[in-house]
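# Understanding the architecture of this molecule
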Amino acid sequence: MPAEGPCYTIVFEDNTETPTTQELRSALEKGSDEDKLEALRKITVATINGNSQPGLLMPIIQYIMPSKNKQLKKLLHFYWEVCPKYDENGKLKQEMILVVNAIRNDLQHPNEYIRGATLRFLQKISREAELLEPLIPTLRANLEHRHSYVRRAAVFALQTVHREHPSLVPDAAELMQTFLAAESDASCKRNALVFLANVALPRAVEWLRGVWDGIVGMDEGLQMAVVEVARMDCARETTHRPKYIRAMFELLGATSHAVKYEAATTLTTLTQNVAAVKAAASCLVTLAIKESDNNVKLIVLDRLDALRERHRHILDGSIMDVLQVLSSADMEVRRKAMSIVLSMTSGRNAEDVVLFLKKQLLRTQEQDFDKASEYRQLLIQSIHVLAIRFSEVAASVVHALMDFLGDSNNPSALDVVAFVREVVEKFPALRPAITGKLTNTLMNMRSGKVFRGVLWILGEYMEELDAIEMVLAEIRKIIGEIPILAAESREEEGTPHTDEERDERNFSGAGMGRPRVLADGTYATETAFSVSSTRTESSKTTKPPLRALILGGDFFTGAVLAVALTKLVLRYDKLASNRSKANSVRAEAMLTMTSIIRVGQSKFVTVPIDEDSNERILGCIQSLSELNDCQEVNEIFLMDSRVAYAQMLGAQEKRAAEKKAVETVKENVIQVDDLLTFRQLSKKSVDEAVDYLEDLGKATGIGEVVEDFISNLSRISQLTGISDPIYAEAYVKMHGFDILLDVLLVNQTANTLQNLCLDFATLGDLKLVERPTVHTIAPHGFQSIKATIKVSSTETGVIFGSILWDGPNLTECCVILNDIHIDIMDYIKPAYCSETQFRSMWTEFEWENRVNVSTKMTETREYLKHVMKSTNMSCLTPEGAMSGDCDFLSANMYARSLFGEDALANLSIEKTETGAIVGHVRIRSKTQGIALSLGDRITMSQRDTKPPL
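This is a predicted model, so every value here is computed, not measured.

Moving on to the overall build of the protein chain. Secondary structure summary: the protein chain contains 41 helices and 18 strands in total. When burial is assessed residue by residue, the protein chain has 44% of its 949 residues classed as buried. A separation threshold of at least 6 residues defines the contact pool for the protein chain, and within that pool the share at least 24 residues apart is 66%. Here the protein chain displays about 51000 Å² of accessible surface, and carbon together with sulfur accounts for 52% of that area.

A cluster of acidic residues, Asp610, Glu611, Asp612 and Glu615, forms a negative patch at the surface. Within the element layout of this structure, Asp610 appears in the loop between α32 (579-600) and α33 (611-625).

In this structure the tally under the stated criterion is three aromatic pairs. Plain terms: the ring middles of Tyr79 and Trp80 are 5.4 Å apart, the flat faces sit at 55° to each other, and that makes the pair tilted. Accessibility expressed as a relative area gives 2% for Tyr79, which makes it buried. According to the relative accessible area criterion, Trp80 is buried, its value standing at 3%. Centroid distance Trp456 to Tyr461: 6.0 Å. Interplanar angle 75°. Geometry classified as edge-to-face.

Looking now at helix α19 (residues 331-344). In an α-helix there are 3.6 residues to a turn, and that puts residues three or four apart on one side. With 14 residues, α19 extends 20 Å between its outermost C-alpha atoms, agreeing within 8% with the 20 Å of an ideal straight helix rising 1.5 Å per residue. Inspection of α19 places Met331, Val333, Arg334, Ala337, Met338, Ile340, Val341, Leu342 and Met344 among the buried residues, and these make up the whole buried set. Of the residues flanking the start of α19, the one acting as N-cap is Asp330, its side-chain oxygen 3.1 Å from the backbone nitrogen of Glu332.

On to the nonpolar core. Counting residues in hydrophobic clusters, the biggest one holds 201 residues, and the most contacted among them are Trp80, Leu122, Met176, Leu357 and Val420. By residue number, the principal contributor to this core is helix α31 (residues 555-575), which donates twelve residues. The next biggest cluster of nonpolar side chains, apart from the first, holds 28 residues, and it includes Ala728, Val791, Trp805 and Ile822.

Taken as a whole and judged by the stated rule, the model has 25 salt bridges. Residue Asp573 pairs with Arg579 through a salt bridge whose shortest N-O separation is 2.5 Å. The buried category is assigned to Asp573, whose relative accessible area is 14%. In this structure, Lys926 and Glu844 form a salt bridge, with 3.8 Å as the shortest nitrogen-oxygen distance. Remark: Glu844 occurs in helix α38 (residues 835-844) and Lys926 occurs in the loop between β18 (917-925) and α41 (928-944); sequence separation between them is 82 residues. Relative accessible area serves as the criterion here: at 52%, Lys926 is assigned to the exposed category.

Another point: unusual backbone geometry. A negative phi angle characterises most non-glycine residues, just as the trans form characterises most peptide bonds. In this structure, Asn755 takes a positive phi of about 50° despite not being glycine. Look at Asn755 and you get partly exposed, because its relative accessible area is 43%. You will see that His780, though not glycine, has its phi angle at about 55°, which is positive. Along the polypeptide, His780 turns up in the loop between β8 (775-777) and β9 (782-791).

On to the environment of Thr160, then. Examined against the element boundaries, Thr160 turns out to sit in helix α9 (residues 148-164). Exposure remark for Thr160: the relative accessible area of 7% places this residue in the buried category. The sequence separation of Thr160 and Arg120 amounts to 40 residues, and the corresponding C-alpha distance is 9.9 Å. Setting aside anything within four residues of it in sequence, one finds Thr160 in contact with Gln123 and Ser126. A polar contact of 2.9 Å, which involves the side chain of Thr160, links it to the backbone oxygen of Phe156.

The rules behind each value
- Residues numbered from 1 in each chain as written.
- Predicted model: local features only at pLDDT ≥ 70, side-chain atom pairs only at ≥ 80, totals over all residues.
- Heavy atoms only, no water.
- Helix = DSSP H or I, 4+ residues; strand = E, 2+ residues; numbered from the N terminus.
- Buried < 20%, exposed > 50% of the residue type's maximum accessible area, 1.4 Å probe, protein only.
- Contact = heavy atoms within 4.5 Å.
- Areas by Shrake-Rupley, 256 points an atom, 1.4 Å probe, with all protein chains shown as cover.
- Patch = residues over 30% accessible without salt bridge, like charges linked within 9 Å, V, L, I, M, F, W, Y side chains within 5 Å.
- Salt bridge = Lys/Arg side-chain N within 4 Å of Asp/Glu carboxyl O.
- Lys, Arg positive; Asp, Glu negative; His and termini not counted.
- Charge placed at Lys NZ, Arg CZ, Asp CG, Glu CD.
- Phe/Tyr/Trp six-rings, centres within 6.5 Å; stacked < 30°, edge-to-face > 60°.
- Expected span 1.5 Å × (residues − 1).
- Polar contact = N/O pair within 3.5 Å; in protein donor to acceptor, adjacent residues only side chain to side chain.
- Core = buried A, V, L, I, M, F, W, Y, C linked by side-chain atoms within 4.5 Å.

Structural measurements only, silent on function.
Structure follows, in structure tokens:
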């Protein structure tokens, strides 16, 4: 009998129509095949869920086993797999002898399907040695069956039996070697080779030596087995490594994509030869291009990226081949391929890469295909990175990218603005050409965000007198006639309101024409009216772009325009020798600013001007009116803004360098008393060999670091009281996406508690994986019960339940358990994203939770750290932006859950005159659960804070 039974999944059982044992017996005995199928299905489900119904075992043997119905036989195999086969004393039930005899008959059945299905069933009961021992001779006889399906299943059945009980097949190696020599079917050879490699690897290598020349022509499955044997043999000292390397080279040209991938992966573990690495990389690139499955493409690209990290310069020549992967329609594949390309780009191939990306960028503009805007944005961001990294290509791409400033796709245009702004700051030699190009493209822009970025660039980096005059002239064109209010009023007054006025204007506007008389005797004046209406409508639609934005209520752009005009006028005043012209320029700029404020307070705008924009524009007007009196203000306009932007770029570069340093440095801590293996003394291979046993150990948790005792104590939850008949406490352990509950039950009474059941239920996205079994606890005895709960999302979950047992006179006793609240912080990890990505997600996410700040803390920075610690979120706002002594603090935070859910937060707080902190935290996410959970977490953490001493 095995030490512990196999674990099965709980299957839903409809208890509303549960038939009695007698009804099931009757259906098995007298029902049709359909009735028998349904009855056997219900018995199997009940057995899986813990109700074995041993009284139905003999009726199943009597009435189901003799049936020739193939569906019944297949379902019967499921029942034999789950039904109890041992009695209470651990001995095999007598009825199982009849079952073994029936299985032996099926193994000798003339129908090959029944034989094959029975052989596959034997793999499911491979732990039952007493059942298998009488079947071994019949099982071995199936190796000589005429049909390959039976032989193939027999090989794997023998392998499973030998793995669990080697004594039942002591001559497995000789048996498989003989079978391989005589077998002609490729699938049977594949199974036998895998079996032989696991039992006696030298014998498998010996067979492989005899077929070296025929490996290329083998079946796909057999080629995969050959690759596996080569990998296993090379994990130890072998003299066949050169032959394996040659075989892997040949398999790189196989027709199967799976064989190509495995051969390329294995080749990099066998040798670090440059030619081998290039051949493997070329094979992986070809797979990424030709494979149709996007998931496979991502896997292959991950492998190629790992190979690139080990051979940074060897694969640089393959960068143009990797660029062909961008032809894929999937954006995830494109992003992965682009990240590899950016990491492979060097000074030698930067121009070729940028040229290719420029062609792709033009293609997105000329052709309309799916996700063209996203692909265009990806290309612009990639060119941005390359242009900053390699200054020699910046001049060749910046003019091409500026053609996209008028792009209808706003994110792409914003990426171009960010790129141009950084290039202008880092490469002073390119400033005149770039600013000139920006000036000429002002009329093509339509987005307020793009205007704001471009106006800031022009205000900061226009330093020549002629250039400033040209910019001011273009600004006059994009804003139109000023004052705006007077022009709009005249345009409105020029439009007739009454029918009489319209008729008069129609007659007067007819020019040389005269009224026409229609057939019914009426005058036809619609022609003149339609001309006037068309002219009026066209005048509205052809407003200058910046004027249209201001009339639409975008006064933030108007404030940016005022600041840009102030900078340009201040710089012009320093450079100009003609004072009258300088005064004229200043007066025109002040008139433009005043015009924006006046029209913002009129009825011609959709939204009145906001207080912040109004105050900002008034400040600019005051600065220009006191031009020669406040030199400090002039310096702030002309110098501080550019210095602040340079510091921001420096902070970004520093953060990127620190992140890269953290990623490149691999911690490899070795204790002084650790054993020294010979592998460490030998030469490192190009790629680490795949150790499947080690991977299996990591996957199952073997060899994990054991938590300390204090950490375990902090996870214990008391479920019942000390005075209850049963004391219960649970140790809650998070393991990946599962929650393991280890419940300790203590019988505090002097009576034996029979049929004790621990019943759990859950709230939230938690699911109980298995139902705890029934137990009997002796007086003052202990019982440990384990339960596993599956977590499917980051949401505050609650586990509750009760303990039930049979009391005196068969009465049911019950103890209600305390609730266990699952801490979602175990599933939330700090993460980082760019400001653009944060703003995009903030706009997209619909669920928001606003938490008011209520704390006894008095320092804004300390409160920010407290919130970050309690929510496991990272701060995206740069340290330089929060430095200095200020009573206001605004910061963005970001985190990501193990389930791929994004959590955004914005902290806006103020320190009052009394020293208290007031404000709020706004949390946004795509799902409601994580937003509410983080809000509750912040609220609870505020209660736990203590005032500083």
